[in-house]
Amino acid sequence: MSDFFGKKHYVVFLVIALVLVALMIASATNRQQANFIENTLGFIVTPMQQATTGVKSGVRNTFLYFSDNQKIRQQNEAYEIELSALRNENFALKQMDVENKRLRQMLDFKRTNAQFELVGANVIAKDASNWFQKFTIDKGTNDGLTKDCAVINHQGLVGSIYDIGLNYAKVSAIIDDSSAVSALVVRTK
């Protein structure tokens, strides 16, 4: 037994065991306030518990940040795809609106000029110059057009046909230097 008390680590073990037993007995009693030993241990242990809790919260928040960041990136990619689709749809709707307005203007023009036989046509080619001095439309003699027919739009005279085929006509615009148009000033005759 003297060997047991002769070794320091056994003595330290015995002291710690006695302190722990004393703490258990002290905490088992009914009292209003913590005693000196509990306060001392609380003073030592509380900062370590706070540090451990802080580290745990920091690690948890870091993992949550990266997890949330990944979710936000996925949502952002989905929103970008949706935005791109909506932009394309918006562009198509704007194009349809422009076409609708143009067609309404053409229909109104045809109604107000019912005394004329009008043939609708599309420009299918233009001269290589910067101006629309000469261009080709997709209607020809099969549609009742002839050489020197007037070409008009809802804003007025555009030009006249100078060459024609079965399903096409070449038009010389009024802005072409070689083009001439007769006119009468209504106010002065």
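Below is a summary of the structure that appears in this document. Residue indices follow the written sequence of each chain, beginning from 1 at its first position. Selection of residues for local features in this predicted model requires a pLDDT of at least 70, selection of side-chain atom pairs for listing and counting requires 80 or more, and totals for whole chains, interfaces and linings are taken over all residues. Side-chain descriptors were evaluated using all non-hydrogen atoms of the structure, hydrogens and water having been removed beforehand.

1. A few points about the sheet that holds strand β3 (residues 150–153)
The strands making up a sheet are joined through hydrogen bonds of the backbone, oriented either antiparallel or parallel.
Right, on to step 1. For two strands to pair, DSSP has to find at least two bridges joining them. Going along the chain from the N terminus, every DSSP run of H or I of four or more residues is numbered as a helix, and every run of E of two or more is numbered as a strand. Taken in spatial order, the 5 strands make up an open sheet running β1-β2-β5-β4-β3, and their pairing is antiparallel. Each end of this open sheet is capped by a strand with a single partner; those strands are β1 (123–126) and β3. Averaged over all adjacent pairs, the angle separating strand axes in this sheet is 35°, with direction ignored.
Right, on to step 2. With 4 bridges connecting them, strand β2 (residues 134–137) and strand β5 (residues 169–173) associate as antiparallel partners. Paired with Thr136 across the bridge in β5 is Lys170. To define axes, lines are fitted to C-alpha atoms, for helices over the stretch in contact only, and angles between the resulting N-to-C directions are given on a 0 to 180 degree scale.

2. Some thoughts on the pattern of salt bridges
Right, on to step 1. Definition used for salt bridges: Asp or Glu carboxyl oxygen within 4 Å of a side-chain nitrogen of Lys or Arg. Tallying each qualifying case throughout the model produces 3 salt bridges.
Right, on to step 2. Close ionic contact of Arg111 with Asp108 constitutes a salt bridge, the shortest N to O distance being 3.8 Å. A residue pair is termed a helical-turn pair when its members lie 3 or 4 positions apart in one helix, as Arg111 and Asp108 do in helix α3 (residues 36–112) at 3 residues.
Right, on to step 3. Burial classes follow relative accessibility: with a 1.4 Å probe on protein chains only, a residue under 20% of its type's maximum area counts as buried, one over 50% as exposed, and anything between as partly exposed. With relative accessibility at 57%, the residue Arg111 sits in the exposed group.
Right, on to step 4. A relative accessible area of 43% means that Asp108 is categorised as partly exposed.

3. Regarding the layout of surface pockets
Right, on to step 1. Residues are called lining when one of their atoms sits within 4 Å of a cavity or pocket point, these points coming from a 1 Å grid over the protein atoms alone, where a cavity is a set in which a 1.4 Å probe fits but cannot get out and a pocket is an open set with protein on both sides within 12 Å along at least five of seven lines. Grid points are joined across faces, edges and corners, and a volume is the space filled by probe spheres set on the points. In this structure, the largest pocket occupies an estimated 910 Å³ of space.
Right, on to step 2. Val119, Gly120, Ala121, Ile152 and Asn153 are, among the 28 residues lining the largest pocket, the residues nearest its centre.
Right, on to step 3. At the level of elements, α3, β2, β3 and β4 (156–164) are the ones that each hand at least two residues to the lining of the largest pocket.
Right, on to step 4. With 5 residues, α3 is the single largest residue contributor to the lining of the largest pocket.
Right, on to step 5. A class-by-class count of the residues in the lining of the largest pocket yields 18 nonpolar, 5 polar and 5 charged. Asp, Glu, Lys and Arg are counted as charged, while Ala, Val, Leu, Ile, Met, Phe, Trp, Tyr, Cys and Pro are counted as nonpolar; the rest, among them Gly, fall into the polar class.

4. Quick notes on the side chain of Thr136
Right, on to step 1. Topologically, Thr136 is positioned in strand β2.
Right, on to step 2. In this analysis, two residues are considered to be in contact whenever any of their non-hydrogen atoms come within 4.5 Å of each other. Not counting residues within four places of it along the chain, the set of residues in contact with Thr136 comprises Asn122, Val123, Ile124, Ala125, Tyr168, Ala169 and Lys170.

5. Focus: a nonpolar patch on the surface
Right, on to step 1. Among the surface-exposed residues, Val123, Trp131, Phe132, Ile152, Leu157, Ile174, Ile175 and Val181 lie close enough to one another that they form a single nonpolar patch of about 740 Å² accessible area.
Right, on to step 2. With respect to the helices and strands, the residue Leu157 is situated in strand β4.
Right, on to step 3. Judged by relative accessible area, which is 37%, Leu157 ranks as partly exposed. Like-charged residues within 9 Å of one another, or nonpolar side chains (Val, Leu, Ile, Met, Phe, Trp, Tyr) within 5 Å, are grouped into patches, provided each residue has over 30% relative accessible area and no salt bridge. Areas reported as accessible are Shrake-Rupley estimates using a 1.4 Å probe. Residue values count occlusion only from the protein chains shown.

Functional significance is not addressed by these values, which are geometric in nature.
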